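These are the residues of each chain, in order.
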Amino acid sequence: MARQQERARRTRAALVEAAAVEFAKRGYAAASVNTILEGSRATKGAMYFHFQSKEELARAVLTSAIETFTGITDRWAKRSDLDPFVALHGLVLDIAEVFRTEVIVQAEFRLIIEPEFYKDVQSGGGQVWGKTAYELALRAKDDGLLREDVDPEKFTRVLAASLAGQRYMADLIASSGDLGVWFEESLEVVLEAMATPEWLEKFHRDGWPQVEFPDAE
């Protein structure tokens, strides 16, 4: 029984991974179930044992992406020992890295702009990391790191829009540039406009610090 359960788990994971590759490349409507089956090396029967439809398979990809984003945000949200902008910087770089390397995240980004999944934007990865970014902005406000006239919601909204734009531009121009550098640029431009002069003076002098994590994490 245990061996059968493990085989089923591996088959399901292979289907989700192969589907993510296909969705990231072609989008939802043009994605081929046969190509997904070839990529996963699963039978059609095995696929329909785990997923009743291509849409259900796509939603499994979205769920997996949310789990990835949740892991990243949890990593930074609990670092109350850090300057909130430093934590936000780490969060932004980690998001850029999974956009670059994780096909599940790439597929989620492609899926949520398709009509079948518009409503999933409200509960997708952007909402997961956006919530943590907002919490860090609130901390920055409480710590006196944001200018008096800056609302944390405005800060988060402008940052999110800039990062999304950078991500779309990377696809639009098929750039091989470093998305982490682009995301870092977006954060720094927003901070130049909204952080206090005192914080900016220190940042201009010292730059971003290296952040260490305990081995257990």
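As the structure is a prediction and not an experimental result, all values here were calculated from the model.

(A) Quick look at the UniProt feature "DNA-binding region" (unreviewed entry) in the chain. In the UniProt entry, the feature "DNA-binding region" (unreviewed entry) is given for residues 32–51. Between the end C-alpha atoms of residues 32–51 the distance is 15 Å, and the span holds 75% helix and 0% strand.

(B) Representation of the UniProt feature "domain: HTH tetR-type" (unreviewed entry) in the chain within the structure. Under the UniProt annotation, the feature "domain: HTH tetR-type" (unreviewed entry) is placed at residues 9–69. When the span residues 9–69 is considered, its composition is 80% helix and 0% strand, and the gap between its end C-alpha atoms is 22 Å.

(C) Spatial organisation of the nonpolar core. Membership of the largest hydrophobic core comes to 42 residues, with the highest contact counts inside it found for Phe85, Leu88, Phe155 and Trp199. Of all elements in the fold, only α4 (54–77), α5 (84–101), α6 (103–111), α7 (125–142), α8 (152–172), α9 (179–194) and α10 (197–206) reach the threshold of two or more residues within this core. Among the elements that line this core, the one with the most residues is α5, at 10 residues. The contacts of Phe155, once residues within four sequence positions are left out, are Phe85, Leu88, Ala137, Leu146, Val150, Val190, Leu191 and Met194. Within the second largest apolar cluster, 25 residues are counted, among which are Ala31, Met47, Ala60 and Ala65.

(D) A look at the pattern of salt bridges. Under the counting rule described, the total for this entry stands at 11 salt bridges. The closest approach of N and O atoms between Arg59 and Glu55, which form a salt bridge, is 3.2 Å. Residue Arg59 and its partner Glu55 are both found in helix α4; the two are separated by four residues, about one turn of the helix. Overall, Arg59 belongs to the partly exposed group, its relative accessible area being 24%. Asp206 serves as the salt-bridge partner of Lys202, at 3.7 Å between the closest nitrogen and oxygen. Residue Lys202 and its partner Asp206 are located together in helix α10, separated by four residues, close to a single helical turn. On the accessibility criterion, Asp206 (43% relative accessible area) is partly exposed. What emerges from the salt-bridge pattern is a single network uniting Glu6, Arg9 and Arg10.

(E) The arrangement of the environment of Glu116 in detail. Mapped onto the elements, Glu116 comes out in the loop between α6 and α7. Among the residues examined, Glu116 registers a relative accessible area of 35% and is labelled partly exposed. Separated by 61 residues in the primary sequence, Glu116 and Glu55 place their C-alpha atoms 8.6 Å from one another.

(F) Seen up close, unusual backbone geometry. Even without a glycine there, the phi angle at Arg41 is positive, about 60°. On the secondary structure map, Arg41 appears in the loop between α2 (33–40) and α3 (44–50).

(G) A look at the packing of aromatic side chains. In total, this model carries 11 aromatic pairs according to the counting rule given. Each ring, one from Phe69 and one from Phe99, has its centre 6.2 Å from the other, and the planes form 65°; the classification is edge-to-face. Here Phe69 is found in helix α4, whereas its partner Phe99 is found in helix α5, with 30 residues between them in sequence. The exposure class assigned to Phe99 is buried, which follows from its relative accessible area of 10%. Among the aromatic side chains, those forming a connected cluster through ring pairs are Phe69, Phe99, Phe109, Tyr168 and Phe183. Above the face of the Phe109 ring, Arg167 is positioned so that its terminal group lies 4.5 Å from the ring centre.

Conventions used here
Residues numbered from 1 in each chain as written. Predicted model: local features only at pLDDT ≥ 70, side-chain atom pairs only at ≥ 80, totals over all residues. Heavy atoms only, no water. UniProt positions renumbered as here; feature names shortened; annotations may be inferred. Helix = DSSP H or I, 4+ residues; strand = E, 2+ residues; numbered from the N terminus. Core = buried A, V, L, I, M, F, W, Y, C linked by side-chain atoms within 4.5 Å. Buried < 20%, exposed > 50% of the residue type's maximum accessible area, 1.4 Å probe, protein only. Contact = heavy atoms within 4.5 Å. Salt bridge = Lys/Arg side-chain N within 4 Å of Asp/Glu carboxyl O. Phe/Tyr/Trp six-rings, centres within 6.5 Å; stacked < 30°, edge-to-face > 60°. Lys NZ or Arg CZ within 6 Å of the ring centre and 35° of its normal.

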